[in-house]
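# A look at the structure
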Amino acid sequence: MNVLSFSIVYLVPISVYLGCRLGGIYTFATPFFIFGLVPLLDLIIGSDTRNPSGEKEKELEADARYRLLTICCAPLQLALVFWGAYTIRYGGLSTFEQVGLILSVGMSSGVLGINVAHELAHRVNEKTEPKLSKIMLWSVWYVHWGLEHVVGHHRRVATPEDPATAR
């Protein structure tokens, strides 16, 4: 495992920004990237089902670079949402480009604002990460999920009382 492979998540908000700057059909670059290029790369590269050993896992947890990667997603997520809203209002985009930008910001918010926020919410022994998780979930209007996930789902996982567990 290397840190660089985990930084690929930053390609999603970069695709939003570049797509908007290029304009036209390129405002749809993020949906194409997420639903086209990423699955194609998954097929080509294949799955890595290996898990680190217990010793290696502790070593990885102690590596501040991984923590920094997730922490940096919070300000990026907020900046992207506010920049996207500003650009929709004042950017002079066509309706077509607005649709592309809205879809792209929304998909990036799913990747950062929900997936990364999920990881940050699990850092219950830290103080910063759960707060950043709430801020990121707020930016996607889903802050209630953070509490329910940790307090409800984790306590009732794989039982009939857990609405998040598949039957």
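Preceding this section is the structure that the text describes.
Notes on the structure in this doc start here. (Residues numbered from 1 in each chain as written. Predicted model: local features only at pLDDT ≥ 70, side-chain atom pairs only at ≥ 80, totals over all residues. Heavy atoms only, no water.)

Those residues of helix H5 (residues 64-71) lying buried are Tyr66, Leu69 and Thr70. Projected onto a plane normal to the axis of H5, the buried residues spread over an arc of 90° and lie on a single side. Turned more than 90 degrees off the buried face of H5, the exposed positions are Ala64 and Arg65. Residues of H5 that are buried make contact with helix H1 (3-6), helix H4 (54-62), helix H6 (73-90) and helix H7 (95-121). (Buried < 20%, exposed > 50% of the residue type's maximum accessible area, 1.4 Å probe, protein only. Helix = DSSP H or I, 4+ residues; strand = E, 2+ residues; numbered from the N terminus. Arc of directions from axis to C-beta. Contact = heavy atoms within 4.5 Å.)

Where helix H2 (residues 11-22) meets H6, the closest approach of the two axes is 11 Å, and the angle between their N-to-C directions is 20°. Regarding the angle of H2 to H6, the classification is roughly parallel. Crossing of H2 against H6: the hand is left-handed. Contact residues: Pro13, Val16, Tyr17, Cys20 and Arg21 in H2; Leu76, Leu80, Trp83 and Thr87 in H6. Of the residues belonging to the contact of H2 with H6, the class tally is seven nonpolar, one polar and one charged. (Axes fitted to C-alpha atoms, helices over the stretch in contact; angles between N-to-C directions. Parallel < 35°, antiparallel > 145°, perpendicular 65-115°, else oblique. Left-handed = near helix turned anticlockwise from the far one by under 90°. Nonpolar A, V, L, I, M, F, W, Y, C, P; charged D, E, K, R; others polar.)

So, on to unusual backbone geometry. Backbone geometry places tryptophan 141, a non-glycine residue, at a positive phi of 60°. Located in the positive-phi region is alanine 158, a residue other than glycine, with phi close to 65°. Residue position: alanine 158 is located in the segment after helix H9 (143-156).

Turning our eyes to something else, we now look at the packing of aromatic side chains. With the rule as written, the count across this model stands at five aromatic pairs. Centre to centre, the rings of phenylalanine 28 and phenylalanine 96 are 4.9 Å apart; their planes meet at 45°, and the pair counts as tilted. Of this pair, phenylalanine 28 sits in the loop between H2 and helix H3 (29-45) while phenylalanine 96 sits in helix H7, and the two are 68 residues apart along the sequence. Its relative accessible area of 44% is what places phenylalanine 96 among the partly exposed residues. Ring centres of tyrosine 86 and tyrosine 90 lie 5.0 Å apart, and the angle between their planes is 45°; this geometry places the pair in the tilted category. (Phe/Tyr/Trp six-rings, centres within 6.5 Å; stacked < 30°, edge-to-face > 60°.)

A few words now on the side chain of glutamine 77. Its place among the elements puts glutamine 77 in helix H6. Judged by relative accessible area, which is 0%, glutamine 77 ranks as buried. Of note is the side chain of glutamine 77, whose polar atom sits 2.9 Å from the side chain of serine 139. (Polar contact = N/O pair within 3.5 Å; in protein donor to acceptor, adjacent residues only side chain to side chain.)

This part covers the nonpolar core. Ranked by size, the top nonpolar core spans 19 residues in total, and within it Cys73, Leu112, Val116 and Met136 carry the most contacts. At the level of elements, H3, H5, H6, H7 and helix H8 (128-139) are the ones that each hand at least two residues to this core. In this view, cysteine 73 contacts Val9, Tyr10, Leu112, Val116 and Met136; residues no more than four positions away in its chain are not counted. Counting residues in each nonpolar core, the second largest holds seven residues, with Val16, Cys20, Leu93 and Leu101 among its members. (Core = buried A, V, L, I, M, F, W, Y, C linked by side-chain atoms within 4.5 Å.)

Applying the stated criterion across every chain, the model contains three salt bridges. Two residues, lysine 56 and glutamate 59, come together in a salt bridge whose shortest N-O distance is 3.2 Å. Separated by three residues within a single helix, lysine 56 and glutamate 59 lie in helix H4, roughly one turn from each other. For lysine 56, a relative accessible area of 33% translates into the label partly exposed. (Salt bridge = Lys/Arg side-chain N within 4 Å of Asp/Glu carboxyl O.)

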